[in-house]
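Listed below, chain by chain, are the residues.
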Amino acid sequence: MVAADEVFGVSKVSNSCGLTRPILEEHRGIVHRLLDFYCINPSCKCGETHLSVIRVDKDTAASDEPWITLRLHFEGKVGLSHVTGPLSRQQATALITEWIQKDPALLGDIEARYRRIKEIGRRILGRKGK
Ligand SMILES: [Zn+2]
């Protein structure tokens, strides 16, 4: 698993790493941020991203401690599994569904990042073979 922000060299500023989606902000001043991790093995067709949802209270220092983690399967049918943290699978599904509804580009962005990371994996393996 690799963190997308490491691969893409996104700035380390805490509010701009990962797939920064500061939505659901209206929930009592809590901002939810998504960190996306992908499998870089080009021959693996898992079609999923490991997401960490980080909750940041606007008034306190940012923490990178994930609130919940889950796997999002986005190839074919969108599905959730491996939910850890205080939410049930149903609650986590509702949260992610709300997220996708408010941010229709989210799934496309995740798929694009998945494909780019596989491409990077292919390049790394190609280099090793020479
Ligand atoms: Zn995989």
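This structure is a prediction, so every number in the text was calculated from the model and none was measured. (Residues numbered from 1 in each chain as written. Predicted model: local features only at pLDDT ≥ 70, side-chain atom pairs only at ≥ 80, totals over all residues.)

**Q** When you look at the environment of S52 in this model, what are you seeing that I'm missing?
**A** Tracing the backbone shows S52 in strand β4 (residues 48-57). In this structure S52 comes out as buried when scored by C-beta crowding, with 20 C-beta atoms within 10 Å. For the pair S52 and H32, spaced 20 residues apart in sequence, the C-alpha to C-alpha distance is 9.9 Å. If we skip the residues at most four places from it in the chain, S52 touches L35, P66 and T69. (Helix = DSSP H or I, 4+ residues; strand = E, 2+ residues; numbered from the N terminus. Buried ≥ 20, exposed ≤ 12 C-beta atoms within 10 Å, placed from the backbone. Contact = placed C-beta atoms within 7 Å.)

**Q** Is there a simple way to explain the pairing of strand β3 (residues 30-38) in this structure?
**A** It is a general feature of regular strands that their side chains alternate between the two faces of the sheet. Note: strand β1 (residues 2-3) against β3, two bridges, orientation antiparallel. Residue V2 lies in a different strand from β3, and its bridge partner there is Y38. (Pairing = 2+ DSSP bridges.)

**Q** Where do I start with unusual backbone geometry in this structure?
**A** Across the chain, the bulk of peptide bonds are trans and the bulk of non-glycine residues have phi less than zero. Even without a glycine there, the phi angle at H82 is positive, about 55°. Assignment of secondary structure puts H82 in strand β6 (residues 79-84).

**Q** Can you walk me through the pairing of β4 in this structure?
**A** Extensive coverage of β4 is indicated by the burial of seven of its ten residues. Where β4 meets strand β5 (residues 68-73), six bridges bridge the pair, whose relative direction is antiparallel. Residue pairing for β5: V53 is matched across the bridge by I68.

**Q** Got a minute to help me understand the nonpolar core in this structure?
**A** Note on soluble globular proteins: their nonpolar side chains tend to be buried together. Within the largest apolar cluster, 17 residues are counted, with the highest numbers of intra-cluster contacts made by L35, Y38 and L51. For this core, the secondary-structure elements that each account for two or more residues are β3, β4, β5, α2 (89-102) and α3 (106-129). (Core = buried A, V, L, I, M, F, W, Y, C linked by C-beta atoms within 7 Å.)

**Q** Can you walk me through the environment of I110 in this structure?
**A** Counting through the fold element by element, I110 comes out in helix α3. With 22 C-beta atoms packed within 10 Å, I110 lands in the buried category. For the pair I110 and Y38, spaced 72 residues apart in sequence, the C-alpha separation works out to 9.4 Å.

Geometric descriptors of this kind do not, in isolation, establish any biological role.
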